[in-house]
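Architecture and fold: a report
Each chain, letter by letter, is given below.
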Amino acid sequence: MAAIGILAICLSCSLCLYFVLALIRQLNKLWWTPIRIQHQMHSQGISGPPYKFFYGNNKDVSNMKKEAMVKPMDLSHDILYKAQPHIHAWIKKYGKNFLLWNGSHPELIVTEPELIKEILNNRDNTYVKEKPGGYIEKLLGDGLVFSTGEKWTKMRKLANNAFHAESLKNLVPAMITSAEVMLDRWKIYEGKEMEVFEEFTLLTSEVISRTAFGSSYLEGRNIFEMLTKLTMITARNTYQLRIPVISKFYKTKDDIEADELEKGIYNRVLEIIKNTEFGSGTGGHFLQLLLTAHHDANVSQRISIKDLVDECKTFYFAGQETTNNLLTWSVFLLSIHTDWQEKARQEVLSLFGRQNPTPDGITKLNTMSMIINEALRLYPPAISILRKVERKATLGKLTLPANLLVNVSNFAVHHDPDIWGEDVNLFKPERFSDGVAKATNNNVAAFIPFGMGPRICVGSNFTPTEAKVVLSMILQRYAFTLSPTYVHLPFQLFTLRPLNGVQLTLPANLLLYITTLAPHHDPKIWGEDVHLFKPERFLEGIAKATNNNIATFFPFGIGPGTCVGLNFVTTEVKIALSMILQCYAFPFPQPMSTHNFSFLPFAHNMEFNKFYKTKDDIEADELEKGIYNRVLEIIKNTEFGSGTGGHFLQLLLTAHHDANVSQRISIKDLVDECKTFYFAGQETTNNLLTWSVFLLSIHTDWQEKARQEVLSLFGRQNPTPDGITKLNTMSMIINEALRLYPPAISILRKVERKATLGKLTLPANLLVNVSNFAVHHDPDIWGEDVNLFKPERFSDGVAKATNNNVAAFIPFGMGPRICVGSNFTPTEAKVVLSMILQRYAFTLSPTYVHLPFQLFTLRPLNGVQSMMSDG
Ligand code: HEM
């Protein structure tokens, strides 16, 4: 009995000791070690949010992310604060590299390129991939993304073989077939709204199935579905911490479902493997290469069936998820930056016409490469790259303890104004016009959407190729805009994706036009004098003039569709011009009057006109009389008041009845004045409003900025006179609209008597045509981006925008005859635009055809069609 008692006492003492030791171990892990590491890093200048027992910063991160997702943002690309609010806030607070706590695991966030290079280029296994464990392991297994050592070397070699640049050429036809299937499906959306994220999910699944596994999406379909479910489970458990011992015995609902999904994926991949014949070992698709390795005669080189399945899972996941996001964000960007959409389309059409892309042509898509790079910079699908410090290490001036996690935030690097400049958050593909090295100032770690060093993404050539094929084929068929139902909320679910997809508006008809205007007016092709009439360009023929680039001059089209009337038209024009020149000399050699047809002899034959009245003359006379009589009637019905404070007609009437006869104005003057204001007060402002709405409907980021300003000043109430003076963004937009599309595009004077103008001597009666339109579009004044819509030029006022060059921006003219409506019109425009923006979000309808033309004022030939939705 006594022995049993002693045994019981010994047992309970051992148990107590075990629990005390376990407690000390846990306390060491959950408290002393974190505090020690925090102190150690702090003493080296690395601070961060303080460690909180057990949870670390997980709760803060999770709350910040949830809060960021509550409210959508405007269409800006300043998205770090939305998708990774904790990184954004803590970089600001603690500096470019800081320490955060993922539970009790310390994580060093690194955004300095010099340190990034050291980490990612490391080859002596100081910075290694950490085995993921938990749900992520179920998702990707020990595939290429996580494997290390010899296994990684072997697998990487196989993957490199399957996806290296030469092999990619053979994969292009499969990409084209998949894109054709998708575009066939799109026909049902023509004229409607469609969501592209889901579309690209199907497409990229199909592409990776065909290219890596030699099967179709349908065969791999339930693998993708199970991977998606597993992804969701993994995502919702990212910040959940498990109590160490208990989690080994107790399985949550998510654990059970994840186990089943893992098994399901394994079995389905096995089935596909069994149905795949393995070939010679080279030249086949990735799965064939894997199978060959599985059957390797050299047993030590063989890969196990589990490795094979893990590799397939990795590629099903990594090959689809990331490219899907790249395509979605690229299309989103092109739908709001329609100038770049058009540039990309011109490039595609000039290289491929309406034919499918070719591997050779794809390598020549320079504009497209710039766009894809800029999309990868602003919206990198993979937004952080993780490593574990394997043993105590030196990084720059820092000493890092073993087991520290290192998180390279390429997302933060891509949005760092110190690297990319103040315009870091603007979509400017031209940054990449001279390649990545130039864009990054040879700072290789400044642009790392695919990582860098030995573990750089194996898909880094495959993905851009797929994106180029797919985008080319879309651009050949559709001009698309962003649907007003789209809500801008980029968020991270492994990859960076749009929370509710991206909704586009597809035009009703397939797009099958090539604009000749853009290449014919491109100064990069024709030089700075592109807009000057210089027939001498063609002195040595078209080939010489175009530097043998047939796609730069094609007034009659190119290829099989070339106009059959080409020779006929040129012959006819030559004959007609010869005969006109034989009969007439054109009297006014005015260099700037290229759009002024008044010099044609018959138009100004006044003597002849005196005796002969055309049908138009007769109708015009009648209309003039009709207007005169109707205006008279209105005048008669108007009481004239005190002479001040009344409306304009009352002031005119007062002047007509002036007691001082010499000051009086005649009834004809009065009517003429009324006619002038009926015309000038309507026609010009109408065009300003129309062009402003047109511009805002394609530059929806500015539309959103203007709406925010209006809502912050007036809410849903009508605009107030005071508030109107505070509409700064709106003023910038109106000024930029007036610059690009000035309603009045030339200002005429006649030289009254022989005069000196600068160094010129002008004869009397010469007409002087001040083309403010040309001035507003002059790159020497406004810079190379003269033809881009950039209201920010006017952010510090007109004087700053024009460099104090008062005649550089003259939509209302200048001097004593400056337009009397120069204040009235912007006020009217601000009131009307504010009230529209309060009510509607709008995009350009696909039926709109861009043809600005002059009918007195500059107007759109067929109006502007917009698609409105609730604002
Ligand atoms: C826009 C598309 C893609 C992006 C942004 C992307 C991004 C990345 C990044 C940043 C890494 C490096 C991770 C690290 O260093 O820890 C990586 C690795 C990897 N990627 Fe991609 N990826 C893309 C497309 C693809 C595609 C299409 C495939 C498959 C065909 C793929 C397969 C892989 C694999 C297997 C790895 C691991 C490589 C290794 O550790 O050796 N990725 N990817």
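Residues numbered from 1 in each chain as written. Predicted model: local features only at pLDDT ≥ 70, side-chain atom pairs only at ≥ 80, totals over all residues.

A few words now on the sheet that holds strand β4 (residues 193-195). Spatially, β4-β12-β9 is the arrangement adopted by the three strands of the open sheet, whose pairing is antiparallel. Looking along the sheet, the strands with just one partner apiece sit at the ends: β4 and β9 (481-482). Note that β9 and strand β12 (residues 503-505) share two bridges and pair antiparallel. Following the sheet pairing, T481 is matched in β12 by T505. Helix α9 (residues 196-213) rests against β4 and β12 of the sheet, and its axis sits at about 50 degrees to β4. (Pairing = 2+ DSSP bridges. Helix = DSSP H or I, 4+ residues; strand = E, 2+ residues; numbered from the N terminus. Contact = placed C-beta atoms within 7 Å. Axes fitted to C-alpha atoms, helices over the stretch in contact; angles between N-to-C directions.)

Here we take up the pairing of strand β11 (residues 495-498). The sheet contact formed by strand β10 (residues 490-493) and β11 spans four bridges and is antiparallel. Within β11, the position partnered with F491 by the bridge is R497. From the end of β10 to the start of β11, which pair antiparallel, there are one residue, and F494 there has a positive phi angle of about 65 degrees.

Bringing the sheet that holds strand β2 (residues 105-110) into the picture now. The strands making up a sheet associate through backbone hydrogen bonding, with each pair oriented either parallel or antiparallel. Read across the sheet, five strands follow the order β1-β2-β8-β5-β3 without closing on themselves; strand pairing throughout is mixed. The sheet is open, and its two borders are formed by β1 (98-102) and β3 (127-128), each paired with just one other strand. With four bridges joining them, strand β5 (residues 385-389) and strand β8 (residues 405-408) adopt antiparallel strand pairing. Bridged to L386 within β8 is N407.

This brings us to the UniProt feature "binding site: heme" (unreviewed entry) in the protein chain. Per the UniProt entry, the sites bearing "binding site: heme" (unreviewed entry) are C457 in this numbering. Within the secondary structure layout, C457 lies in the loop between α20 (435-439) and α21 (462-477). Judged by C-beta crowding, with 19 C-beta atoms within 10 Å, C457 ranks as partly exposed. In contact with C457, other than residues within four places in its own chain, are F450 and G451. (UniProt positions renumbered as here; feature names shortened; annotations may be inferred. Buried ≥ 20, exposed ≤ 12 C-beta atoms within 10 Å, placed from the backbone.)

Below, the discussion takes up helix α4 (residues 85-94). When α4 is considered as a whole, its buried residues turn out to be I87, H88, W90 and I91. In this fold, the buried residues of α4 make contact with α3 (80-83), β1, β2 and α18 (410-414). Of the residues one or two after α4, G95 is the one with positive phi, at around 105 degrees.

Turning our eyes to something else, we now look at the site of the ligand. In the vicinity of the ligand lie 24 residues, with A318, T322, G451, C457 and G459 positioned nearest. The leading source of residues in the shell around the ligand is helix α14 (residues 305-336), at seven residues. Residue composition of the shell around the ligand, grouped by class: 15 nonpolar, seven polar and two charged. (Near = placed C-beta within 6 Å. Nonpolar A, V, L, I, M, F, W, Y, C, P; charged D, E, K, R; others polar.)

A word on α14. Between its terminal C-alpha atoms α14 stretches 47 Å, which fits the 46 Å expected from 32 residues at 1.5 Å a residue. For α14, the tally of buried residues reaches 29 of 32 residues, placing the bulk of the element in the interior. (Expected span 1.5 Å × (residues − 1).)

This part covers unusual backbone geometry. Unusually for a residue other than glycine, F494 sits at a positive phi of about 65 degrees. With 18 C-beta atoms packed within 10 Å, F494 lands in the partly exposed category.

Take the packing of helix α12 (residues 253-274) against α14 next. Describing two packed helices takes the angle between their axes plus the distance from one axis to the other. It is at 10 Å that the axes of α12 and α14 come closest, and there the two elements cross at 100 degrees. Taken as axis vectors, α12 and α14 run roughly perpendicular relative to one another. In this structure, α12 contributes I265, Y266, V269, L270 and I273 to the contact, and α14 contributes L308, V309, C312 and K313. Among the residues making up the contact of α12 with α14, the classes are represented as eight nonpolar, no polar and one charged. (Parallel < 35°, antiparallel > 145°, perpendicular 65-115°, else oblique.)

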